Amino acid sequence: MMNSFKAVAFVLYVFSLLRISIVVDIVTVDQHIKDGETITSAGGSFELGFISTPGNSKNRYVGIWYKKVATRTVVWVANREIQLTDSSGILKVTQQGTLVVINGTNGILWSSNSSRYAQDPNAQLLESGNLVMRNGNDSEPEISCGRVSIIHVILFCQA
């Protein structure tokens, strides 16, 4: 009986030391990203979330950066014209399929300004570093941009 207890306690201890991580690479209408949260591309190369500029930690931006390098290298910034001045920001997908950055009073600071309407939209951070808007779980997107097929590219298209 005591050996069983020790074995269970040891297993629980080992599991408490392990950090289980689930890679999430999408933002949906119901799942927003708040300041302090991130999503990571499926292979772990890119991460999207809120960042500050070096030397000015007050201003906050939504950006994409290389995740697997020692020094954070940002490859894209959404709201560079209108920064957040606190940590109240939220990145969300609207019902129409537009990606928006809003502040604590629901003011829109940045929008992807898509002219396309998506049904059950979600924004996905691809392993290429592209952020794309898709129709639900559509595995056959409509438009091709460079080497990536997508509904529309929100951020950039690598050639």
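All residue numbers refer to positions counted from 1 along the written sequence of the respective chain. For this predicted model, a pLDDT threshold of at least 70 governs which residues receive local features, and a threshold of 80 or more governs which side-chain atom pairs are given and counted, while totals over whole chains, interfaces and linings are taken from all residues. As a rule here, side-chain values cover all heavy atoms of the structure and leave hydrogens and water aside.

Draft legend 1. Structural context of the overall build of the chain. Think of it this way: any DSSP run of H or I at least four residues long counts as a helix, any run of E at least two long counts as a strand, and we number them from the N terminus. Tallying secondary structure elements over the chain gives 1 helix and 14 strands in all. The buried share of the chain, reckoned over its 159 residues, is 42%. Counting only contacts in the chain whose residues sit at least 6 apart along the sequence, the fraction spanning at least 24 positions is 37%. Element-wise, carbon and sulfur atoms account for 53% of the exposed surface of the chain, whose accessible area totals about 9600 Å². Relative accessibility thresholds used throughout: buried, under 20% of the residue-type maximum; exposed, over 50%; partly exposed, between the two (1.4 Å probe, protein chains only). In this analysis, two residues are considered to be in contact whenever any of their non-hydrogen atoms come within 4.5 Å of each other. Using the Shrake-Rupley algorithm and a 1.4 Å probe, accessible areas are obtained, with residue cover drawn only from the displayed protein chains.

Draft legend 2. Structural context of the packing of aromatic side chains. Aromatic contacts are taken between Phe, Tyr and Trp rings whose centres are within 6.5 Å, Trp giving its six-membered ring; a plane angle under 30 degrees counts as stacked, one over 60 as edge-to-face, and the others as tilted. Counted under the stated rule, the structure contains 2 aromatic pairs. Between Trp76 and Trp110 the ring centres are 5.5 Å apart and the planes differ by 70°, which places this aromatic pair in the edge-to-face class. Of this pair, Trp76 sits in strand β6 (residues 73-77) while Trp110 sits in strand β9 (residues 108-111), placing them 34 residues apart in sequence. The pair Trp76 / Trp110 is uniform in exposure class, with both members buried. For a ring to carry a charge above it, either NZ of a lysine or CZ of an arginine must fall within 6 Å of the ring centroid while also lying within 35 degrees of the normal to the ring plane. One cation-aromatic arrangement involves Arg72 over Trp65; the distance from NZ or CZ to the ring centre is 4.2 Å.

Draft legend 3. Seen up close, the environment of Ile64. Structurally, Ile64 is set in strand β5 (residues 56-66). Remark: the alpha-carbon pair of Ile64 and Thr38, spanning 26 residues in sequence, is separated by 9.6 Å.

Draft legend 4. Broad picture of the sheet that holds strand β7 (residues 90-93). At least two bridges found by DSSP between two strands is the condition for calling them paired. Spatial ordering of the open sheet is given by β2-β7-β8-β9, a layout of 4 strands whose pairing is antiparallel. Single-partner strands in this sheet number two, and they are β2 (33-34) and β9. Sheet topology note: the strand β8 (residues 99-102)/β9 ladder contains 3 bridges and is antiparallel. Within β9, the residue paired with Ile102 across the bridge is Ile108.

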